[in-house]
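Observations on chain architecture
Below, each chain spelled out in residue letters.
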Amino acid sequence: MAARFTGSFTRQEPIPEEAIAAAVAVMRAGRLHRYAPGESEVAALEAEFAAFTGARHALAVASGGYALASALRALGVGPGEAVLTNAFTLAPVPGAIASVGARPVYVGVTEALTIDLDDLAAKAGAARVLLLSHMRGHVCDMDRLMRICDAAGLTVVEDCAHTMGAAWRGVPSGRHGAIGCYSTQSYKHVDSGEGGLLVTDDAELAARMVLLSGAYMFHDRHGAAPPPESFEPLHGTVPNVSGRMDAVRAALLRPQLRRLGARRDAWLQRYRTVEAGLRCVPGLVLVERPAVETFVGSSIQFLLPGWPAAAVADVVGRCAARGVELKWFGAARPAGYTSTYRHWSHAPAVPMPGVDRILRATLDMRLPLSFSLTDCRLIARIIAEEVRAVVPPRPSGGDAATDAAAGPPVG
Ligand SMILES: *Cc1c(COP(=O)(O)O)cnc(C)c1O
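Residues numbered from 1 in each chain as written. Predicted model: local features only at pLDDT ≥ 70, side-chain atom pairs only at ≥ 80, totals over all residues. Heavy atoms only, no water.

We now examine the sheet that holds strand β6 (residues 167-168). With antiparallel pairing, three strands are arranged side by side in an open sheet as β7-β6-β11. Both edges of this open sheet fall to β7 (171-172) and β11 (293-294), since each of them pairs with a single strand only. Direction of pairing for β6 relative to β7: antiparallel, over a ladder of two bridges. When the bridges of β7 are listed, A167 appears paired with P172. (Pairing = 2+ DSSP bridges. Helix = DSSP H or I, 4+ residues; strand = E, 2+ residues; numbered from the N terminus.)

Written out as structure tokens, the structure is:
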């Protein structure tokens, strides 16, 4: 009988005991509020996250989605304004744009699953702000992206929900743009259930985001906020859109942040194990990671380029029957966390056939740290067997690239 994987793709690692003890201490003391007097877990987390990313300022907030919206608000993005963003991302990204009344203008995706920089260059004049989503942890050529954006006067906000702990050429993800936004929701790289973080070097933007988060007159109780002078001209001009993080979640996060490097190593081992098992499978294309990208392999993607939808759906179904959960961005209806720009009818977009072609081919799998390397080998074996079992299409046209991708392995 064919081997089956019985682990759970949604079971996260337990919270470290040290973090549980810190959270319990906060509760015992009855000091959950973000501005409870005395030693503040929230302020300490902000100081530690600023140091971790090398940013001057950091702010802990209620969610990653809140962080994105707050960054846009701080930049003065308002109703009707166009905001450039990735066509390949998750629903909270266009959602953050919609939450300030603005409208997303989507930029294409490459087969490396990063933003299409040629398309970005072509559209750069259409907006003031780029909300760049490092979707599934794939970091684009940030040097070229910043050249394009600087030349066009585009301000970059980075959605680092999948890149906390990642870097491009040694620069931490979130530190190229004006503002970096992170999520501490359970399925990201540190887990407080829900939560988010913001970083910036810009004192005025930081002050605006602190006030937006509901600082009342307690901005001096923040851990990595700018000095009082930065707040003076802003009082009364910035609305209170309450959403700072509470002390329990901050207490849960501080010990996890200290372990993030070790967790990144553990994820990389799992990622490389699955990747090795999927090499040389006919018709299956892996995303080769650039040498200058430090990534956190909390999920893995691969493409079945040129495959008919029914064949991809067949692979997904056969893997699911053996306990392996693949997510497909090509499905007609959104499933689970997977939806695409075509489904976001609150933010209508012109059809993007190049994006559709890549999304139709893209499969995505979570790699929780609760999986062992043995689990990862079994998972890769199951996917490889099922992809081989579903015959890849014989391309009808003379498209050499599709031919090579869909044909048998070379060598
Ligand atoms: C999770 C996620 C967000 C939003 O984070 P929350 O903390 O869940 O609000 C934003 N962007 C991407 C790409 C995400 O995966």
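After that view, the rundown keeps rolling.
Let us look at the site of the ligand. Looking at the ligand, there are 15 residues lining it, with G64, G65, H162, S183 and K188 nearest. Between an oxygen atom of the ligand and a main-chain N or O atom of G65, the distance comes to 2.8 Å. One nitrogen or oxygen atom from the side chain of K188 is found 2.9 Å from an oxygen atom belonging to the ligand. Computed on the free molecule, the ligand has an accessible area of 380 Å², of which 92% lies beneath the protein chains in the complex. Among the secondary structure elements, those contributing two or more residues to the shell around the ligand are α3 (64-74) and α4 (92-99). Sort the elements by how many residues they give to the shell around the ligand and α3 lands first, with three residues. Among the residues making up the shell around the ligand, the classes are represented as five nonpolar, eight polar and two charged. (Near = heavy atom within 4 Å. Polar contact = N/O pair within 3.5 Å; in protein donor to acceptor, adjacent residues only side chain to side chain. Areas by Shrake-Rupley, 256 points an atom, 1.4 Å probe, with all protein chains shown as cover. Nonpolar A, V, L, I, M, F, W, Y, C, P; charged D, E, K, R; others polar.)

Let us look at the nonpolar core. Residues L72, V77, V83, L131, I179, C181 and L198 are the most contacted members of the largest nonpolar core, which totals 34 residues. The set of elements that each furnish at least two residues to this core consists of β1 (57-61), α3, α4, β4 (129-133), β8 (179-183) and α7 (203-212). If you tally residues by element for this core, the top one is α3, at seven residues. Look past the residues within four positions of V83 in its chain and what remains in contact with it is L72, V77, I97, A102, R103, P104, V105, A127, V129 and L131. L284, A311, I383 and V390 belong to the second-largest nonpolar core, a separate cluster that totals 33 residues. (Core = buried A, V, L, I, M, F, W, Y, C linked by side-chain atoms within 4.5 Å. Buried < 20%, exposed > 50% of the residue type's maximum accessible area, 1.4 Å probe, protein only. Contact = heavy atoms within 4.5 Å.)

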